[in-house]
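Here's the letter readout for the chains.
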Amino acid sequence: MAEKDEDSLIGYDPLAWMHRSDSNQDSQRDDVDELESHAASAFASANAEVPGPEMNHDEVPIIASESLTSEQGERAIVVLEPVLNIQNVAVLHQRLTQMLSNFEAIDIDASGVTMIDTATLQLLLILKQTAIGLQKSISIDFPSDKFIEASELLGIAEMLEVDQAASGFF
Amino acid sequence: MSARIVAVLNQKGGVGKTTTSVNLTYALAKLGKKITVIDFDPQSHLAVSLGVVDPQKSGIDKVLLEGVSLTQQLIPVRKNLNLVVAGPRLQEIEQLMDGGARRGDLLRKALLDGNRDEDFIFIDCPPSSGVLVANALFAADEILVPMTSDYLALQGLSHLMGTIKKFESALKRPYKFSLVMSRYIPTRRISKEVLSVIQKYFPGQILATTIRETALLAECPSFGKTIFEYRPGCRSARDFTALAKDFLEGRMM
Ligand SMILES: Nc1ncnc2c1ncn2[C@@H]1O[C@H](COP(=O)(O)OP(=O)(O)OP(=O)(O)O)[C@@H](O)[C@H]1O
Ligand SMILES: [Mg+2]
């Protein structure tokens, strides 16, 4: 193929991730230890499908800016980082809890998520339930396929309402 | 309504979306197909290329923003070929953000509405990936991607495929997807190499005819003419006739 050719004019092949994602095998993901083994292996393969660096957050079809707060005290928008794991769950927790006390509604843009662990998903679930208790709302907008996949694996897609979010994509 | 809705899409600028939209639709119309082509780019290059120059004339903007019917905005520009211009307010859609970017279904709804009898609706997309393109992707059954054969276009294609996959998973349906090699320069080695990389990833999805880079194709928009009217029978006109047949018959590389 072109990229193996000695004097090819094509150096780095930007489309390579498309083939990688067809044949996902091993992943060099961080351990997702709190998962039971079934879910863990499914997670690993989901992570392996994450495309290369060319597929990053700035290519979501619709870009919401992080500080887009339409009106103080009304709604806030939070854009999730591509990689969410136990290392940053505490920070996210603090940030979202604080926002929940300041705003009536929080829209969480999950379009850029390429990897999410159970700790983060649990946090989102708890916050969503807390919000309901406070008669406020947290909604997850534009969940990426990785996000949907992970929450379905944990059986919380319905509780997070990501299935609806996806069908009402816009 | 059973028209096939085709989005001519590539977020990269200048790859030949508008040139393809103009000349492929004209060629299809000449072959007897009934076509509506929508200028979905606030730059209005499609309308200009078809000789319609009236910056104040409303078009798809009014359909999306005010709910006017699409049928009302059709301009018969050639035999079997209707045009819907962009209109001066189309840019506003791109800026609609509040209440969520949930305005992605405007075009789909507008196209479903009314009973027209076209065989194809083509959407000439702007070079961006904002709300307009989201509308086009939401409405389309098929995506036709004009692709130039240079290295950065390959990079752009990678980006575009990421976006398309995201939409497919959100909409839970796959698109019929095809590529057209446009502005092709057969004498350049990089052209062939880029093409062979694309063939590796998109077997059976590249339309058989390549549209070559020619001076005539670059000239005709300024006269508001398709290549068939500007220089009938020239090489590029023949390229587009062959491309139209490929498109109808599903002939791929
Ligand atoms: N095959 C070709 N040969 C020569 N010139 C071409 C060819 N295809 C397109 N062009 C010229 O290249 C320029 C860009 O083409 P075109 O407008 O079709 O691209 P586009 O993708 O629609 O651009 P934009 O992203 O700005 O909408 C135009 O000036 C056009 O006339
Ligand atoms: Mg154009």
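Structural data are supplied above this passage.
Residues numbered from 1 in each chain as written. Chains lettered and ligands numbered in written order. Predicted model: local features only at pLDDT ≥ 70, side-chain atom pairs only at ≥ 80, totals over all residues. Heavy atoms only, no water.

Visitor: Help me out: how do you make sense of the packing of helix α1 (residues 17–30) of chain B against helix α12 (residues 235–249) of chain B in this one?
Guide: Any two packed helices are characterised by the angle at which their axes cross and by the distance between the axes. All names here are of chain B. Axis separation between α1 and α12 bottoms out at 9 Å; the angle between their running directions is 75°. One element, α1, and the other, α12, form an angle in the roughly perpendicular class. Each of Thr19, Thr20, Asn23, Leu24, Ala27 and Leu28 in α1 lies in contact with α12, whose residues at this interface are Phe240, Thr241, Leu243, Ala244, Phe247 and Leu248. Its residues assigned to classes, the contact of α1 with α12 comprises 8 nonpolar, 4 polar and no charged. (Axes fitted to C-alpha atoms, helices over the stretch in contact; angles between N-to-C directions. Helix = DSSP H or I, 4+ residues; strand = E, 2+ residues; numbered from the N terminus. Parallel < 35°, antiparallel > 145°, perpendicular 65-115°, else oblique. Contact = heavy atoms within 4.5 Å. Nonpolar A, V, L, I, M, F, W, Y, C, P; charged D, E, K, R; others polar.)

Visitor: Would you mind showing me how to read the pairing of strand β5 (residues 120–124) of chain B here?
Guide: Here is the key point about a regular strand: its side chains alternate between the two faces of the sheet. Residue and element names in this part refer to chain B. For β5, the tally of buried residues reaches 5 of 5 residues, placing the bulk of the element in the interior. Neither face of β5 is left uncovered, since the one carrying Phe120, Phe122 and Asp124 and the one carrying Ile121 and Ile123 both have all their residues buried. Where strand β1 (residues 4–8) and β5 come together, 5 bridges link them in parallel fashion. The partner of Ile5 across the bridge, within β5, is Ile121. Pairing of strand β2 (residues 35–39) with β5, which is carried by 5 bridges, proceeds in the parallel orientation. (Buried < 20%, exposed > 50% of the residue type's maximum accessible area, 1.4 Å probe, protein only. Pairing = 2+ DSSP bridges.)

Visitor: Please clarify how the environment of Lys62 of chain B should be interpreted in this entry.
Guide: Residues and elements named next belong to chain B. Within the secondary structure, Lys62 is located in helix α3 (residues 60–66). Residue class for Lys62 comes out partly exposed when judged on its relative accessible area of 31%. Between the alpha carbons of Lys62 and Ala86 there is a distance of 9.0 Å; along the sequence they are 24 residues apart. Among residues more than four places away in sequence, those in contact with Lys62 are Gly67, Val68 and Gln73.

Visitor: What is the right way to look at the pairing of strand β3 (residues 105–109) of chain A in this model?
Guide: Residue and element names in this part refer to chain A. Counting buried positions over the 5 residues of β3 gives 5, a clear majority of the element. Bridge count for strand β1 (residues 75–79) against β3 is 5 bridges, and the pairing is parallel. Bridging across to β3, Ala76 finds its partner in Ile106. Relative to strand β5 (residues 137–141), β3 runs parallel, the two sharing 5 bridges.

Visitor: I keep staring at the nonpolar core and nothing clicks. Help me out?
Guide: Soluble globular proteins: nonpolar side chains tend toward being buried together. Membership of the largest hydrophobic core comes to 57 residues, with the highest contact counts inside it found for Ile38, Phe40, Ile60, Leu64, Leu157, Ile198 and Phe202 of chain B. Not counting chain neighbours up to four residues away, the residues in contact with Leu157 of chain B comprise Leu15 of chain A together with Val145, Met147, Leu179, Ile198 and Phe202 of chain B. (Core = buried A, V, L, I, M, F, W, Y, C linked by side-chain atoms within 4.5 Å.)

Visitor: Help me understand the packing of helix α3 (residues 86–102) of chain A against helix α4 (residues 118–133) of chain A in this model?
Guide: Residues and elements named next belong to chain A. Interaxial distance between α3 and α4 falls to 9 Å at its minimum, and their mutual angle equals 15°. Put simply, α3 runs roughly parallel to α4. Between α3 and α4 lies a crossing of right-handed hand. In this structure, α3 uses Ile86, Val89, Leu92, His93, Leu96, Thr97 and Leu100 to contact α4, whose residues at the interface are Ala119, Thr120, Leu123, Leu124, Leu127, Thr130 and Ala131. Along the lines of polarity and charge, the residues of the contact of α3 with α4 split into 10 nonpolar, 4 polar and no charged. (Left-handed = near helix turned anticlockwise from the far one by under 90°.)

Visitor: What is the right way to look at the side chain of Thr18 of chain B in this model?
Guide: Mapped onto the secondary structure, Thr18 of chain B falls in helix α1. Residues within four places of Thr18 of chain B in sequence aside, it is in contact with His45, Leu46, Ser49 and Asp124 of chain B.

Visitor: How do you make sense of the packing of aromatic side chains when you look at a structure like this?
Guide: In this description, a pair of aromatic rings is defined by centroid distance and the angle of the planes. Residue and element names in this part refer to chain B. In the structure shown here, the tally under the stated rule is 6 aromatic pairs over all chains. Between the aromatic rings of Phe223 and Tyr230, the centroid separation amounts to 5.2 Å while the plane-to-plane angle is 25°, which identifies the pairing as stacked. Linked through ring pairs, Phe120, Phe122 and Phe247 together constitute an aromatic cluster. (Phe/Tyr/Trp six-rings, centres within 6.5 Å; stacked < 30°, edge-to-face > 60°.)

Visitor: Please clarify how the sheet that holds β1 of chain A should be interpreted in this entry.
Guide: In any sheet, the strands associate via hydrogen bonds between backbone groups, in a parallel or an antiparallel arrangement. Residues and elements named next belong to chain A. Within the open sheet, the 3 strands sit side by side as β1-β3-β5. Their pairing is parallel. Only two strands of the sheet have a single neighbouring strand rather than two, namely β1 and β5. Across this sheet, the average inter-strand angle for adjacent strands is 20°, counted without regard to direction. Contacts between α3 and the sheet are confined to β1, β3 and β5, with β1 contributing the most and set at about 165° to the helix.

Visitor: Is there a simple way to explain the site of ligand 1 in this structure?
Guide: Residue and element names in this part refer to chain B. Around ligand 1, a shell composed of 19 residues is seen, among which Lys17, Thr18, Thr19, Arg212 and Thr214 lie nearest. Here ligand 1 loses 85% of its free accessible area of 620 Å² to cover by the protein chains. Taking a 2 Å distance to the grid points as the criterion, the majority of the atoms of ligand 1 fall inside the largest pocket. Counting residues per element, the ones that place at least two in the shell around ligand 1 are α1 and α10 (215–219). If one sorts the elements of the shell around ligand 1 by residue count, α1 sits on top with 3 residues. Considered class by class, the residues forming the shell around ligand 1 number 6 nonpolar, 7 polar and 6 charged. (Near = heavy atom within 4 Å. Areas by Shrake-Rupley, 256 points an atom, 1.4 Å probe, with all protein chains shown as cover. 1 Å grid on protein atoms, 1.4 Å probe; cavity = no way out; pocket = protein on both sides within 12 Å on 5 of 7 lines; lining within 4 Å. Sits in = over half its atoms within 2 Å of the grid points.)

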